[in-house]
Amino acid sequence: MARKTIAEIKELLVDIENEDHPLLKELQRDERSGVQQLIKRWKKQRTYQYVLEQQHVDMTAFEREIYEQGFKAIAGIDEVGRGPLAGPVVAACVILPRDFKLLGLTDSKQLSKTTRETFYDVILKEAVDVGVGIATAREIDDINIYQASKAAMVRAVKQIEKIEIDYLLVDAMELPIKMPAKNLIKGDMRSLTIAASSVVAKVTRDRYMENLHNNYPQYGFNKHMGYGTSGHLEALKTYGIIEEEHRKSFAPVKKHL
């Protein structure tokens with residue numbers, strides 16, 4: 001019987017899931033370098049897959065524990081945009097189905113823009129419900145960034161209407177909401193539900209800043225999203241502030257009032 005071609009072997013490897021498979025053992029004896037490269041790539045992919053699967057297990061530990069206590073609607077809450085000099089702080093509240101699985105989902109800052117956008121679409125499509133809350137630059141100046149972040153998070157929670165939340169998983173913030181809750185430091189890297197909310201909040205805010213860029217291209221908001229980069233600081237020096245978008249209570253902006 002003729003030996004299988006490299007292309008045929010590549011197709012066959014797609015369906016092999018473990019190293020005990022007879023075909024894989026047979027292929028390991030194949031002296032062709034192309035075959036050995038395929039096996040090496042297969043092992044690397046399976047290792048990566050295992051890492052993602054384990055990450056999913058780790059990031060659903062809090063959710064599983066809470067479900068076992070009898071709670072049914074777990075909401076994750078996170079915010080983005082505390083540090084920038086311009087734009088709002090945006091929070092998201094997400095309730096995921098109990099069996100939700102999206103391998104690779106973690107803190108939105110750890111994901112590429114393309115992956116965030118893809119995950120954002122999946123989350124919005126499959127989530128039980130999603131709420132978004134915003135606190136403007138003016139509110140940040142009036143009540144400070146910490147209180148504005150809280151306000152945005154509370155608004156996001158209030159946007160949940162399809163189901164009644166009975167437990168909150170919050171990323172490092174105590175909210176003035178009377179409900180069972182757990183505050184997790186670096187929650188967006190420890191809870192799948194909070195990670196989902198961080199992706200929704202990040203994509204929502206980035207799109208806001210990209211739209212702002214269309215109106216004020218000289219500031220380069222599409223590149224720095226309002227953070228205090230050297231380019232942004234130079235633009236402030238050259239063009240001054242945008243009245244409704246720059247945070248006047250932040251020191252680098254105060255200089256240009």
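**Student:** How would you sum up helix α5 (residues 113–126)? Please name residues and give values.
**Tutor:** An α-helix turns once per 3.6 residues; consequently, residues spaced three or four apart project the same way. The first and last C-alpha atoms of α5 sit 20 Å apart over 14 residues, in line with the 20 Å expected at 1.5 Å per residue. Of all the residues in α5, the buried ones are R116, F119, Y120 and I123. Taken down its axis, α5 places every buried residue within 110° of arc, on the same side. Relative to its buried face, α5 has exposed residues pointing more than 90 degrees away, namely T114 and K125. Elements that come into contact with the buried residues of α5 comprise β2 (89–95) and α8 (192–215).

**Student:** Talk me through the layout of surface pockets; I want residue IDs and the actual numbers.
**Tutor:** Approximately 330 Å³ is the volume attributed to the largest pocket. Along the wall of the largest pocket there are 17 residues; nearest its centre are E79, V80, K109, D171 and D188. Breaking the lining of the largest pocket down by element, the ones donating at least two residues are β1 (74–80) and α8. Class assignment for the residues of the lining of the largest pocket results in four nonpolar, two polar and eleven charged.

**Student:** An account of the packing of helix α3 (residues 33–59) against helix α4 (residues 61–68) is requested, with residue identities and associated values reported.
**Tutor:** The N-to-C vectors of α3 and α4 enclose an angle of 45°; their axes lie 4 Å apart at closest approach. In this view, α3 runs oblique relative to α4, as classed from their interaxial angle. Between α3, through V57, D58 and M59, and α4, the contact on the second element is made entirely by A61, E63 and R64. The residue makeup of the contact of α3 with α4, split by class, is three nonpolar, no polar and three charged.

**Student:** Please provide a residue-by-residue account of unusual backbone geometry, values included.
**Tutor:** Positive phi, normally seen in glycine, also occurs at N144, with a value near 85°. By the element assignment, N144 lies in the loop between α6 (137–143) and α7 (145–158). Residue N144 is classed as partly exposed on the basis of its relative accessible area, which comes to 40%.

**Student:** Kindly report on the pattern of salt bridges, identifying the contributing residues and their values.
**Tutor:** Inspection of the entire model under this criterion finds 14 salt bridges. The residue K109 makes a salt bridge to D188 at a minimum N-O spacing of 3.6 Å. With K109 in the loop between β2 and α5 and D188 in the loop between β5 (181–184) and α8, the pair connects residues that are 79 residues apart, well separated along the chain. Residue K109 is classed as exposed on the basis of its relative accessible area, which comes to 60%. Using a relative accessible area of 6% as the deciding quantity, one classes D188 as buried. Measuring nitrogen to oxygen at the nearest pair gives 3.3 Å for the salt bridge that ties D206 to K202. In this pair, D206 and K202 both sit in helix α8, four residues apart, roughly one turn of the helix. The buried category is assigned to K202, whose relative accessible area is 17%. Taken together, the shared-partner salt bridges connect K113, E117, R207 and E210 into one network.

**Student:** So what's going on with the packing of aromatic side chains? Residues and values would help.
**Tutor:** How two aromatic rings sit relative to each other is set out by the distance from centre to centre and by the angle between their planes. A complete count under the given rule lists four aromatic pairs for this structure. A centroid spacing of 4.9 Å and a plane angle of 65° characterise the contact between F71 and Y167, whose relative ring orientation is edge-to-face. Taken together, the positions of F71 in the loop between α4 and β1 and Y167 in strand β4 (residues 167–171) put the pair 96 residues apart, joining distant regions of the chain. With a centroid separation of 5.5 Å and 10° between ring planes, the pair formed by Y219 and F221 is classed as stacked. On the accessibility criterion, F221 (0% relative accessible area) is buried. In this structure an aromatic cluster arises from ring pairing among Y216, Y219, F221 and Y239.

Calculation criteria
Residues numbered from 1 in each chain as written. Predicted model: local features only at pLDDT ≥ 70, side-chain atom pairs only at ≥ 80, totals over all residues. Heavy atoms only, no water. Helix = DSSP H or I, 4+ residues; strand = E, 2+ residues; numbered from the N terminus. Expected span 1.5 Å × (residues − 1). Buried < 20%, exposed > 50% of the residue type's maximum accessible area, 1.4 Å probe, protein only. Arc of directions from axis to C-beta. Contact = heavy atoms within 4.5 Å. 1 Å grid on protein atoms, 1.4 Å probe; cavity = no way out; pocket = protein on both sides within 12 Å on 5 of 7 lines; lining within 4 Å. Points joined across faces, edges and corners; volume = space filled by probe spheres on them. Nonpolar A, V, L, I, M, F, W, Y, C, P; charged D, E, K, R; others polar. Axes fitted to C-alpha atoms, helices over the stretch in contact; angles between N-to-C directions. Parallel < 35°, antiparallel > 145°, perpendicular 65-115°, else oblique. Salt bridge = Lys/Arg side-chain N within 4 Å of Asp/Glu carboxyl O. Phe/Tyr/Trp six-rings, centres within 6.5 Å; stacked < 30°, edge-to-face > 60°.

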